[in-house]
Amino acid sequence: MEDKAEHLRKEGRSLFQSERWAEAAGVYGQYIDFLLKEQGPSEQLVLGYSNRAETYLHLEMYADALEDTEKALDLNPLHLKTLFRKAKALLGLKLYQETVAVCQKFLRQDDLPADYRETVSDLLRQAKRKDKQTRLGQFEFRGLSYRHGEPGDTPSEFETFVGPVELKRTPEMDRGLFATRDLNPGEILFVAAPLTSVRHPKLPGSIVSSNLSLRVGASLVDRLVGSTCPYPRGPISQDTPPMRFFKPVNSIPSDLRQLSTEELQHPTFRTEFDEDTLFDIVRRRQVRHGTMNRMEEISGIYFLPALINHSCFPNVILTGFGPALVCRASREIKKEDQLFRSYNSVFYPLEDRNALLDGFRCRCERCAFDRLLLQEIPELRRLEFRCCRLFVDRLGESPRFHSEEERAEMRREFVQTTEALEELFRTEPKLQNLTAIQKDWIRASFVRMYWQLLEPAMALAPTASKEDHLHQLRLILEAARIMRSVDPASLEALEMLEKAHNQATMWKVQRRLFRCKEIDSLLKEFFGEVLDIELVLFGPQSESEIKSTMPQFLLHNFLYSVHI
Ligand SMILES: C[S@@+](CC[C@H](N)C(=O)[O-])C[C@H]1O[C@@H](n2cnc3c(N)ncnc32)[C@H](O)[C@@H]1O
């Protein structure tokens, strides 16, 4: 009998050493059965369970690993190796508080070997950090974008966190996400991990025209089919599932972790999908976003992010950190307000920005306002036509194709159209009682075109006067102000500020013998604007911290744009 047990133990060990995990688990199973039958509880049995638990850890079968470690610990509650394995299984299951408790119990033992103490302390730190993230929403973003600037780098993975949000039906947009309390700009609403994601080279603008995008879509479908979700959940149907379905397992009290039969019958929990449904999921629920590396993007299927509706006057921003998507308030939000993000640029006139949306007509408050206004004030529409014509004429042209006279002409056109709009605000009775934000809504409809128009014109001649430079920088700052007023986390404003900033500093270098206080004070204003945007993207940080990393931030500022 001894021989047979010893034979099985050795065979399990040899398979384990050759990393044939599944086979090793099978042989350890036979070993355990044999011991149970022949000799009942023993120290060998403890080792049998514990070793099989280790093979399960390698197979990422954390629930099975946990079960084995518990059986071993029933027989020998302070078996160190098994305690360590139990902590790893709990961490794998994302049960962080439980992991912390086991690690602490482990570290309380006397005479621990130094390397063990170190590894378990490390596990404890990890579990505490993840617990803070997933339960309390405490994430560390400081400096993250700059440390990971090199191709291939990924930031450390974030845990899922579901904060003050709830899912409700809306009369106009089917389902939507709502705030459950008042929020300040920069506060995190949730952090979502993808159900599945793929990393790929940066896709061109249009998702339909690209072969690559089809390949990405197909590979997402494949991954969806093969994906396993420890807690099957997600709004696949048009139902409105309870928020609990989206919450990380760890934040649900343990007695509620098991779903009831009734809940499992919820249409959300479909286990089989036909191909059409899957393609539909990929089309409607896919979120594509930049990575730390400008050449790459990530496409993923996300649940909560896909439930945020669009508005041309958004109040949240999604930013990607590796595959994780972080949703933050970009302006003050009141309890019960709906959360909106912008699916695409909101800095075009009504019809143009609607054309950028994927097959639906926008029902946001700004679009409703624009529709009414454009009917009532034909002059506004004329201005729009003029701006569009200028824009289309110049689209795609590079500054180097224009002579200095042409660029001067463009600047004049630009100034005239903006002045015509301001004149309309002063003279048109129907525009007299607008609020400041409504005026910015109207300005924002033109601002992207102005910018495009201004860009070729920006390349001022080396002979341009100081006044020309100052005038131009003020125009850019005003455009950035408008963008930020309509979308306070606007990456387009940031892009614009970056270019203007580069130009201003270049000009300073070119004319370094010439001191210009006004340029300096305008540069300060740029920094002020960038600080505010960064605060919204990364949360509260001290001014000195942000300033010390600002140059790198400007360098990486496109990395967080999110498309659907
Ligand atoms: C990513 S989903 C958002 C969640 C969606 N409301 C739901 O119930 O599944 C995008 C879809 O929501 C609707 N939607 C989002 N924003 C909208 C808006 N501003 N106006 C009208 N419909 C909108 C459109 O049907 C769009 O195709």
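Read on for a plain summary of the structure. What you see is a predicted model; the values in this text were computed from it and never measured.

When helices and strands are counted, the chain shows 20 helices and twelve strands. Out of the 564 residues in the chain, the part that is buried amounts to 53%. Within the chain, counting contacts between residues at least 6 apart in sequence, those at least 24 apart form 68% of the total. For the chain, the exposed surface amounts to about 27,600 Å²; the carbon and sulfur share of it is 51%.

Turning our eyes to something else, we now look at the site of the ligand. Lining the immediate surroundings of the ligand are 16 residues, of which M173, R175, A306, N309 and H310 lie closest. N309 is positioned with one of its side-chain polar atoms (N or O) 2.8 Å from a nitrogen atom of the ligand. Contributions of two or more residues to the shell around the ligand are made by β3 (174-179), α11 (275-285) and β8 (309-310). If you count residues domain by domain, the shell around the ligand takes at least three from each of domain 2 (161-345) and domain 3 (346-459).

Turning to unusual backbone geometry, a few remarks are in order. At D111, a position not held by glycine, the phi torsion is positive, near 50 degrees. In this fold, D111 is placed in the loop between α6 (96-107) and α7 (114-136). Given a relative accessible area of 77%, D111 falls into the exposed group. Even without being glycine, E336 reaches a positive phi, approximately 75 degrees.

Attention shifts here to the packing of aromatic side chains. Each aromatic ring pair is specified by the distance between its two centres and by the angle formed by the two planes. For the coordinates displayed, the defined rule picks out eight aromatic pairs. Between the aromatic rings of F84 and Y116, the centroid separation amounts to 5.6 Å while the plane-to-plane angle is 65 degrees, which identifies the pairing as edge-to-face. Taken together, the residues span a long stretch of sequence, with F84 in helix α5 (residues 80-92) and Y116 in helix α7 at a distance of 32 residues. Across the pair, Y116 and F84 agree in class, each one buried.

A separate point is the sheet that holds strand β4 (residues 188-192). What the four strands build is an open sheet, ordered β1-β4-β10-β9; its pairing is antiparallel. The outermost strands of the open sheet, each flanked by one partner alone, are β1 (161-162) and β9 (316-321). Pairing geometry for β9 and strand β10 (residues 324-329), over six bridges, is antiparallel. Considered in β10, the bridge of T319 is made with V326.

Taking 1.5 Å of rise per residue, the 14 residues of helix α4 (residues 62-75) would be expected to cover 20 Å, and the 20 Å separating its terminal C-alpha atoms lies within 8% of that figure. Within α4, burial applies to A65, L66, D68, T69, A72 and L73. The buried residues of α4 occupy one face: seen down the axis, they fall within an arc of 165 degrees. The secondary structure elements touched by the buried residues of α4 are α3 (43-58) and α5.

As a further point, take the side chain of K86. Secondary-structure assignment places K86 in helix α5. Exposure remark for K86: the relative accessible area of 17% places this residue in the buried category. If we ignore the near neighbours within four places in the chain, the residues touching K86 are L66, T69, E70, L73 and V102.

Our next topic: the pattern of salt bridges. Tallied over the full model, the rule gives 22 salt bridges. R52 serves as the salt-bridge partner of D68, at 2.6 Å between the closest nitrogen and oxygen. Taken together, the positions of D68 in helix α4 and R52 in helix α3 put the pair 16 residues apart, joining distant regions of the chain. There is no split in this pair, since D68 and R52 are both buried. A salt bridge links K86 to E70; the nearest nitrogen and oxygen atoms lie 3.6 Å apart.

So, how was this worked out
Residues numbered from 1 in each chain as written. Predicted model: local features only at pLDDT ≥ 70, side-chain atom pairs only at ≥ 80, totals over all residues. Heavy atoms only, no water. Helix = DSSP H or I, 4+ residues; strand = E, 2+ residues; numbered from the N terminus. Buried < 20%, exposed > 50% of the residue type's maximum accessible area, 1.4 Å probe, protein only. Contact = heavy atoms within 4.5 Å. Areas by Shrake-Rupley, 256 points an atom, 1.4 Å probe, with all protein chains shown as cover. Near = heavy atom within 4 Å. Polar contact = N/O pair within 3.5 Å; in protein donor to acceptor, adjacent residues only side chain to side chain. Domains from an automatic or database assignment. Phe/Tyr/Trp six-rings, centres within 6.5 Å; stacked < 30°, edge-to-face > 60°. Pairing = 2+ DSSP bridges. Expected span 1.5 Å × (residues − 1). Arc of directions from axis to C-beta. Salt bridge = Lys/Arg side-chain N within 4 Å of Asp/Glu carboxyl O.

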